[in-house]
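Below, each chain spelled out in residue letters.
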Amino acid sequence: MKEIDIFLAQIASFLNPAQILLDPESCAFHAQDWSKILKPNTSAVVFPESTQEVSRILALAHSLGVPIVPSGGRTGLSGGAVATNGEVVLSLLRMNKIGALHKGALSLQVEAGAITESVHLHCAPYGLTWPVDFASKGSSTIGGNLATNAGGVRVIRYGNARNWVLGMTVVTMDGTVHSFNSELEKNNTGYDFRQLLAGSEGTLGVITEATLKLCPLPGQTLVAMVPLASFSKLLELFAFVRNRFPALSAFECLDAASMKAVLEHFSLPLPVQTGGKVYALLEIENTEWNAAEPALMEILAEGIAPDAILARTEKEARALWRYREGVAESILHGHEVHQEDVSVPVSRLQEFYSEIEARYAQMLPGFRVFFFGHIGDGNLHIFIQKPKELDSKTFRARAHEADQGLFEILRSLGGSVSAEHGIGLLKKHALPFSRSLAEIELMRGVKKVFDPKGLLNPGKIFDQPSTNSSRLGS
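Residues numbered from 1 in each chain as written. Predicted model: local features only at pLDDT ≥ 70, side-chain atom pairs only at ≥ 80, totals over all residues. Heavy atoms only, no water.

Peer 1: Honestly, the overall build of the protein in this entry has me stumped. Any pointers?
Peer 2: When helices and strands are counted, the protein shows 15 helices and 18 strands. The C-alpha atoms of the protein give a radius of gyration of 23 Å, which matches the 23 Å a tight globule of 474 residues would have. Expressed along its principal axes, the backbone C-alpha trace of the protein runs to roughly 75 × 60 × 45 Å. When the 474 residues of the protein are sorted by exposure, 54% land in the buried category. (Helix = DSSP H or I, 4+ residues; strand = E, 2+ residues; numbered from the N terminus. Rg over C-alpha atoms; globule rule 2.2 N^0.38 Å. Buried < 20%, exposed > 50% of the residue type's maximum accessible area, 1.4 Å probe, protein only.)

Peer 1: I would appreciate a short explanation of helix 10 (residues 289-301) in the present structure.
Peer 2: At 3.6 residues per turn, the α-helix brings residues three or four places apart onto the same side. Here helix 10 contains 13 residues, and its C-alpha end-to-end distance of 19 Å stays within 8% of the 18 Å for a straight helix at 1.5 Å per residue. Among the residues of helix 10, A292, A295, L296 and I299 are the ones counted as buried. Buried residues of helix 10 fall within an arc of 105° about the axis and therefore sit on the same side. Turned more than 90 degrees off the buried face of helix 10, the exposed positions are N290, M297 and A301. For helix 10, the secondary structure elements touched by its buried residues are strand 12 (222-228), helix 8 (231-244) and strand 15 (309-310). Remark: G303 follows helix 10 within two positions and exhibits a positive phi of approximately 80°. (Expected span 1.5 Å × (residues − 1). Arc of directions from axis to C-beta. Contact = heavy atoms within 4.5 Å.)

Peer 1: Is there a simple way to think about the sheet that holds strand 4 (residues 87-91) in this case?
Peer 2: In a beta sheet, neighbouring strands pair by backbone hydrogen bonds and run either parallel or antiparallel. Taken together, 4 strands build an open sheet; the order of strands is 1-2-4-3 and the sheet is mixed. Of all strands in the sheet, those with a lone pairing partner are strand 1 (20-21) and strand 3 (68-71), marking the two edges. Sheet analysis places strand 3 next to strand 4, joined by 4 bridges and oriented parallel. In the sheet register, V69 faces strand 4, and the bridge partner there is V89. Along the sheet, helix 1 (residues 3-11) contacts strand 1, strand 2 (42-46), strand 3 and strand 4; its crossing angle with strand 2, the most-contacted strand, is approximately 15°. (Pairing = 2+ DSSP bridges. Axes fitted to C-alpha atoms, helices over the stretch in contact; angles between N-to-C directions.)

Peer 1: Help me out: how do you make sense of the sheet that holds strand 8 (residues 165-171) in this one?
Peer 2: Here we have 5 strands laid out as an open sheet, ordered 5-6-10-8-9, and antiparallel in their pairing. The sheet terminates laterally at strand 5 (98-102) and strand 9 (177-180), the two strands that pair on one side only. The average undirected angle you get between the axes of adjacent strands in this sheet is 10°. Bridge analysis of strand 8 against strand 9 gives 4 bridges, and the strand direction is antiparallel. Within strand 9, the residue paired with V170 across the bridge is H178. Contacting strand 5, strand 6 (107-111) and strand 10 (206-213), helix 4 (residues 116-123) runs over the sheet at an angle of about 40° to strand 5.

Peer 1: Got a minute to help me understand the packing of helix 8 against helix 13 (residues 349-363) in this structure?
Peer 2: Two packed helices can be described by the angle between their axes and the distance between those axes. Two elements in contact, helix 8 and helix 13, have axes separated by 10 Å at closest approach and are oriented at 165°. By the criterion of interaxial angle, the relationship of helix 8 to helix 13 is roughly antiparallel. At the point where helix 8 passes helix 13, the crossing takes the right-handed sense. In this structure, helix 8 contributes F231, S232 and L235 to the contact, and helix 13 contributes L349, Q350 and Y353. Residue composition of the contact of helix 8 with helix 13, by class: 4 nonpolar, 2 polar and no charged. (Parallel < 35°, antiparallel > 145°, perpendicular 65-115°, else oblique. Left-handed = near helix turned anticlockwise from the far one by under 90°. Nonpolar A, V, L, I, M, F, W, Y, C, P; charged D, E, K, R; others polar.)

Peer 1: Hey, could you run me through a nonpolar patch on the surface in this one?
Peer 2: Judged by side-chain polarity, Y191, F193 and L196 come together as a nonpolar surface patch covering roughly 340 Å² of accessible area. Checked against the element boundaries, F193 lands in helix 7 (residues 193-197). According to the relative accessible area criterion, F193 is partly exposed, its value standing at 32%. (Patch = residues over 30% accessible without salt bridge, like charges linked within 9 Å, V, L, I, M, F, W, Y side chains within 5 Å. Areas by Shrake-Rupley, 256 points an atom, 1.4 Å probe, with all protein chains shown as cover. Salt bridge = Lys/Arg side-chain N within 4 Å of Asp/Glu carboxyl O.)

Peer 1: What's the story with the environment of R435 in this structure? I'm lost.
Peer 2: Tracing the backbone shows R435 in the loop between helix 14 (392-413) and helix 15 (437-450). As a C-alpha pair, R435 and G414 span 21 residues in sequence and 9.9 Å in three-dimensional space. R435 has contacts with I440 and M443, leaving out every residue within four places of it along the chain.

Peer 1: What's the story with the pairing of strand 17 (residues 368-374) in this structure? I'm lost.
Peer 2: The two faces of a sheet get side chains in turn, since along a regular strand they alternate between them. In terms of burial, strand 17 is largely enclosed, as 6 of its 7 residues are buried. For strand 13 (residues 248-255) and strand 17, the ladder comprises 3 bridges, and the chain directions are antiparallel. Bridge assignment links L254 to a residue of strand 17, and that residue is F372. Taken together, the 7 bridges between strand 17 and strand 18 (residues 379-385) define a ladder with antiparallel strand orientation. If you follow V369 over to strand 18, its bridge partner there is I384. A loop of 4 residues connects strand 17 with strand 18, the two strands running antiparallel in sequence, and G378 in this loop sits at a positive phi of about 75°.

Peer 1: I tried to follow the nonpolar core on my own but got confused; where do I start?
Peer 2: One broad trend across soluble globular proteins is that nonpolar side chains are buried collectively. L237, F352, Y360, I375 and I382 are the most contacted members of the largest nonpolar core, which totals 58 residues. Look past the residues within four positions of I382 in its chain and what remains in contact with it is H338, Q339, E340, V342, F352, I356, Y360, V369, F370, F371 and L406. (Core = buried A, V, L, I, M, F, W, Y, C linked by side-chain atoms within 4.5 Å.)

Peer 1: Would you explain the packing of aromatic side chains in this entry?
Peer 2: The description of an aromatic ring pair uses the distance of the two centres, along with the angle that the planes make with each other. Following the criterion strictly, the structure yields 10 aromatic pairs and no others. Considering the side-chain rings of F231 and Y353, the 4.0 Å spacing of their centres and the 10° angle between planes classify their relative orientation as stacked. Taken together, the residues span a long stretch of sequence, with F231 in helix 8 and Y353 in helix 13 at a distance of 122 residues. Y353 shares its class with F231; the two are buried. With a centroid separation of 6.2 Å and 20° between ring planes, the pair formed by F367 and F395 is classed as stacked. (Phe/Tyr/Trp six-rings, centres within 6.5 Å; stacked < 30°, edge-to-face > 60°.)

Honestly, it's all geometry; don't read function into it.
What follows is the structure in structure tokens.
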């Protein structure tokens with residue numbers, strides 16, 4: 001009897017039938033993420049409903065040598081939650097309770113499967129929020145946010161997810177339940193495993209519960225869109241606004257190609273009277289409208305921008321955000337697209353953009369290349385559409401060839417090959433461009449301590465030999 005059959009028979013003794021899915025359609029759905037590039041292959045999908053059930057499942061899998069892929073909302077783009085080798089998918093979606101909110105401590109207890117937007121809605125009546133926010137908030141889960149150290153549109157003001165978690169409950173592969181940091185604001189007693197787990201992509205332990213750190217909802221929030229004649233003008237505007245408004249919470253950009261895709265896909269009008277090579281969408285918290293208008297007039301007077309529009313109502317603000325939030329959908333709709341998610345120090349953005357724009361023009365003539373992202377934290381998304389006349393295999397080969405030049409530029413500028421979506425399976429080949437071989441060996445060492453058999457999310461981030469992960473096919 002195979003190990004997987006023994007595993008499934010034994011978990012059936014403490015999970016109800018609805019917590020175990022074996023049908024091909026469900027398995028394919030839960031073994032895939034938003035990248036839709038890798039072919040999913042899982043032996044089963046299990047849905048624990050408590051930390052104790054996670055512990056029992058992992059302990060059993062550990063004893064039998066059954067590999068496990070933790071899963072949340074599966075909104076990643078690097079294959080971090082994809083099962084490709086018959087692993088069992090451990091979905092945390094049923095562990096979605098939102099617990100006690102402590103107004104004095106500005107903290108909230110949640111289970112890992114709680115949806116990000118549900119947490120926002122739960123906190124809002126108290127005048128509070130968990131300030132980690134992004135387009136996928138309606139699908140992503142808190143456990144996944146923490147496991148990938150999610151960023152999003154307001155990193156410039158609030159930082160990444162790791163800044164907004166006080167404590168975690170984590171189950172390691174052998175079934176041991178750990179409480180890392182509890183609810184402490186201050187704890188200087190050695191290594192901070194909470195921070196180690198943030199961004200570990202489910203390779204060290206399964207986050208099952210968390211104590212989130214909250215902050216007050218912002219007051220009056222201003223949103224503006226500004227067309228710019230060049231990327232250098234975009235950066236000039238960023239410096240001006242950041243210096244003038246300390247409460248700047250977002251500074252997004254989309255190039256002319258991205259704006260055109262949004263206008264066509266959603267049948268929207270251009271929101272400003274004057275077009276640009278690139279557009280900035282900026283958000284400023286706790287600022288009155290009459291304080292921002294003179295600054296916008298100064299931007300126009302000094303020749304930084306030819307035009308600008310300032311939202312006067314919340315409805316108008318949401319309408320402006322739609323242009324930025326609809327970029328990815330607009331580019332992806334009906335097209336095969338190669339995606340990169342990279343970052344460089346903000347001080348080197350101009351140098352990076354100039355080099356990479358010229359490199360793509362040289363290596364991919366005739367290709368539609370789109371640049372958009374988060375200027376405030378140096379994170380740009382680069383989408384490349386497949387030309388209709390090109391077959392998929394050739395397109396992928398050409399795009400990956402261009403990636404090598406991109407990664408070399410990132411290495412020279414001290415950048416990252418993955419700003420937001422982690423390494424997973426799809427970025428492993430690029431990891432040495434951002435991390436030294438010595439760093440990667442240290443990471444392998446940490447992985448071995450937490451998961452000596454290599455059974456938890458095997459093959460993600462880097463390859464690590466395991467004598468157990470291939471046993472499912474035996």
